[in-house]
Amino acid sequence: MLSLIILICIAAAAVILLWPKEDPAKGVVGTITDHWDPQVSSPVQDGDSSEPKRGTQIPGYSSAAMREGDMSLKIRIGNPPDNHVGFIASLKLRDGTVLYESPLLHPGQGLEEVPLTQTLKKGTYEALVEYRCILLEDGKPPLNTAESGFTLYVN
Amino acid sequence: MAASVTVAAEGTKQLTKNNPSDFTEVKAHIDGATGAVSYIIEIPEVVDFGNLTQPDTNENSYTYKPYDVTAVEIKGLAKDAQGNVTQQVSVYVKDENATTTNSNFYIANTDPAKDYKLQYHVFDTTIANITETTPPLSSVTMASDKGYFLKGFTEQGQQVNGTLVLNQNQLFGQDLEAMSGDYSGHMVFYSEIVDKT
């Protein structure tokens, strides 16, 4: 009986030690977090802060990089917390290929890394994040749209 | 994450017997963390001309709506050896349905059974600077599918104070009941970091 217990413990230890460990980074791909911040310095607020904002803040990018064969891209896509509208964000190539589309992002929600619908061959691509803005009420009617272009390097 | 590096040498110079030495400036720029947010611009939420009025005559009857596009935050633009910024955040604007062959701006009846649309014009200046002869952005064909160039921002706080103008004489003599309803249109703002023009 004791030897059986010992055998079970050894087997359990072997399973725990030898089971393939999930890459913790992969756990965040496609994860939408609350309290997303564009991580730029806070804009200076001038004038009467009680006046209702009429504009929508749109993040923009210089570049992003990935390896050939990767099925995710590290890029900070999100809805700045000062906004009052929702975003549907799409990562695309300039030729229209859609690499990722987000669900509705409320102000303060965003992602650090997005899953891709396809990988890309080595090269330099013109890409963009399309931010479709929508009202967060009454059937969610669409508003003006923004596209943030950037260079995507695939190494 | 690998950073990208660009290096450029300025021009070409010739070394001769009379000019045996000269200098060549070599510049370099290293992009910051890729995938990070480099800038934030603020765009108008919606095109809204409110209630329109049918004029009694076919004279011009303009209604104006101001709009702003603002560089809320910009960081990491390249600079030369003298510290002058050599890049800009270029912002373009177009109608959501624009093509290079039809790039006018429109608002359309939101009732799909009513096929009416009204044209409006986009100016990159305030009402005070608009006259009968001031050309709107769409007075020329759109040069690229990015839209009409609006502004190149180089630092935080810069702004375009523009105006949307709709001539209500489009309603003159029209059947208002047939055209009645809500009209909406959407603009698409495209932005990117490029070398300064």
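Keep in mind that what you see is a predicted model, and the values were worked out from it rather than measured. (Residues numbered from 1 in each chain as written. Chains lettered and ligands numbered in written order. Predicted model: local features only at pLDDT ≥ 70, side-chain atom pairs only at ≥ 80, totals over all residues. Heavy atoms only, no water.)

K.L.:
How do you make sense of the overall build of chain A when you look at a structure like this?
P.N.:
When its secondary structure is counted, chain A shows one helix and eight strands. In sequence order, the secondary structure elements of chain A are arranged as α-β-β-β-β-β-β-β-β. A buried classification covers 40% of the 155 residues belonging to chain A. The contacts in chain A between residues at least 6 apart in sequence include a share of 70% that link residues at least 24 apart. With the model as given, the accessible surface of chain A reaches about 8700 Å², and the carbon-plus-sulfur share is 58%. (Helix = DSSP H or I, 4+ residues; strand = E, 2+ residues; numbered from the N terminus. Buried < 20%, exposed > 50% of the residue type's maximum accessible area, 1.4 Å probe, protein only. Contact = heavy atoms within 4.5 Å. Areas by Shrake-Rupley, 256 points an atom, 1.4 Å probe, with all protein chains shown as cover.)

K.L.:
What is the right way to look at the pattern of salt bridges in this model?
P.N.:
Opposite charge on two side chains lets them pair, provided their charged atoms get close. Taken as a whole, this structure holds eight salt bridges over all chains when the rule is applied. Across the salt bridge formed by Glu-192 of chain B and Lys-146 of chain B, the nearest N and O atoms sit 2.7 Å from each other. Residue Glu-192 of chain B is found in strand β11 (residues 187-195), and its partner Lys-146 of chain B is found in the loop between β7 (117-123) and β8 (148-153); the two are separated by 46 residues along the sequence. An identical accessibility class is assigned to Glu-192 of chain B and Lys-146 of chain B; each is buried. Through salt bridges with shared partners, a single network forms among Lys-92, Glu-101, Glu-130 and Arg-132 of chain A. (Salt bridge = Lys/Arg side-chain N within 4 Å of Asp/Glu carboxyl O.)

K.L.:
Help me understand the nonpolar core, please; the structure alone is not making it clear to me.
P.N.:
One broad trend across soluble globular proteins is that nonpolar side chains are buried collectively. Counting 66 residues, the largest nonpolar core has Leu-152 of chain A together with Tyr-120 of chain B as its most contacted members. In this view, Tyr-120 of chain B contacts Val-47, Phe-49, Asp-95, Phe-105, Tyr-106, Ile-107, Leu-164, Val-165, Leu-166 and Met-187 of chain B; residues no more than four positions away in its chain are not counted. (Core = buried A, V, L, I, M, F, W, Y, C linked by side-chain atoms within 4.5 Å.)

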